[in-house]
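# Inside the fold
Residue-level listing of the chains:
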Amino acid sequence: MRKKIVAGNWKMNKTFAEGVELAREVNEYVRYKEGSEGVSIILGTPFIHLAKVAHNITEPSIAVSAQNCATEKAGAYTGEISADMVASTGAKYVILGHSERRSYYGETSEILVKKVAQALDSKLDIIFCVGEVLEEREGNKHFDVVKKQLTDGLFNLAAEQFAHIVIAYEPVWAIGTGKTATPDQAQEMHAFIRSVIAEKYGQAVADETSILYGGSCNAKNADEIFSKPDVDGGLIGGASLKAADFFEIIKSRARH
Ligand code: 13P
C-alpha cells in the first residue's frame, strides 16, 4: 500500500550501545512529541542491532530493517546473514541494491534477483534502491539506467510480490555529498519510475507503490522534496543518525 515513509539507513555507523540508544530516542520522540502522525518510520540498522532494536521499539509506526541479506537460504556461507535470520529478529524490511553495495561489493542485478527472492520468501518487505551516477545524468542516460535497474532487478516478480516492494530513488551523486536533487528533479524521476511500474504491472499497482527519495535529504530540504506528488517519503543516511534531526524529517513528511 502506498504509504508516507521516512526510513533511516544507518549504514556502518553506531556501535551496539549507540545504536540501541538512537533507536530509543527515536521511539521516545514518536511516542511523546506531536507531528509524526500518518508516517511509517523505518530504522535501517546494522545486522547486530536488529534484534535488540526490534525488541525495544514500542511504537507501532516504527519498523526495523536490515541493510542487506544473503543470496542463499542457509548453509556453508561463512559470514553471510540470511533473510530468514533477519526476519527472525523481528525486522520487517531489508534494504537491497543500495548504490554502496552495487559499487563497493559488486552487487549486480543477477545477485539482487536472488536476494529479492530470499527476502520475499522470508516475508520481508524490500526497500529496493535505484539511481544513476553523475556521468549518466550528465549524459542524459539517467532514465534508461533507472529503468534497467528496475527491469533487471525486480520485473521478474508477480504483481502480488511487487506489492512488497518500496522503491528508493537515490541519485548516486547526491548520496553523502550535501548536493541534493532539486525537488523538480526528484519529482521527474519519481513520476518516471511510477510510469515504468505502470507499464509493467498496471496503473493500480503503480499508484500503490511507495517511492522514496534518498541523497542528502535533511531537516532543511525535506519539506520541499516531500511536497512533490510522487515523492512518498525519504531514505535518509547521515541525517538519520541524530534522533532530533531524523524526527524533523518525519514531521516534514507528516505535514505534506
Ligand atoms: P545521505 O542521506 O547521507 O546522503 O545518504 C543517503 C543514502 O544513501 C540512504 O540510503
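Residues numbered from 1 in each chain as written. Predicted model: local features only at pLDDT ≥ 70, side-chain atom pairs only at ≥ 80, totals over all residues. Heavy atoms only, no water.

## A word on the layout of surface pockets
As a reminder of what qualifies: For cavity detection a 1 Å grid was placed over the protein atoms alone, and a set of points counts as a cavity when a 1.4 Å probe fits there but cannot get out; an open set counts as a pocket when protein lies on both sides within 12 Å along at least five of seven lines, with lining residues being those that have an atom within 4 Å of a point. Grid points are joined across faces, edges and corners, and a volume is the space filled by probe spheres set on the points. Helical segments are the DSSP runs of H or I of at least four residues, strand segments are the runs of E of at least two, and each set is numbered from the N terminus. In this classification, Asp, Glu, Lys and Arg are treated as charged, Ala, Val, Leu, Ile, Met, Phe, Trp, Tyr, Cys and Pro as nonpolar, and every other residue, Gly included, as polar.
Estimates place the volume of the largest pocket at around 530 Å³. Forming the walls of the largest pocket are 18 residues, and the residues nearest its centre are Met-12, Gln-67, Glu-100, Arg-101 and Tyr-105. The element contributing the most residues to the lining of the largest pocket is helix H4 (residues 99–104), with five residues. The residue inventory of the lining of the largest pocket, partitioned by class, reads eight nonpolar, seven polar and three charged. When its volume is computed, the second largest pocket comes out at roughly 250 Å³. What lines the second largest pocket is a set of 18 residues, and nearest its centre among them are Gly-176, Gly-215, Ser-216, Gly-237 and Gly-238. When its residues are assigned to classes, the lining of the second largest pocket shows five nonpolar, 11 polar and two charged.

## Focus on the packing of aromatic side chains
Note the cut-off: Put simply, two rings from Phe, Tyr or Trp (the six-membered ring, in Trp's case) pair if the centres are within 6.5 Å, and we call them stacked under 30 degrees between planes, edge-to-face over 60, tilted for the rest. Note on classification: 1.4 Å probe, protein chains only; a residue is buried when its accessible area is under 20% of the maximum for its type, exposed when over 50%, partly exposed between these limits.
Per the stated rule, a full pass over the model turns up seven aromatic pairs. On the basis of an interplanar angle of 80° and a centroid distance of 6.3 Å, the ring pair of Tyr-104 and Tyr-105 is categorised as edge-to-face. Accessibility classification places Tyr-104 together with Tyr-105 in one group, the exposed group. Note on Phe-155 and Tyr-201: the rings are 5.5 Å apart at their centroids and 90° apart in plane angle, and the pair reads as edge-to-face. With Phe-155 in the loop between helix H7 (142–154) and helix H8 (159–162) and Tyr-201 in helix H9 (residues 183–201), the pair connects residues that are 46 residues apart, well separated along the chain.

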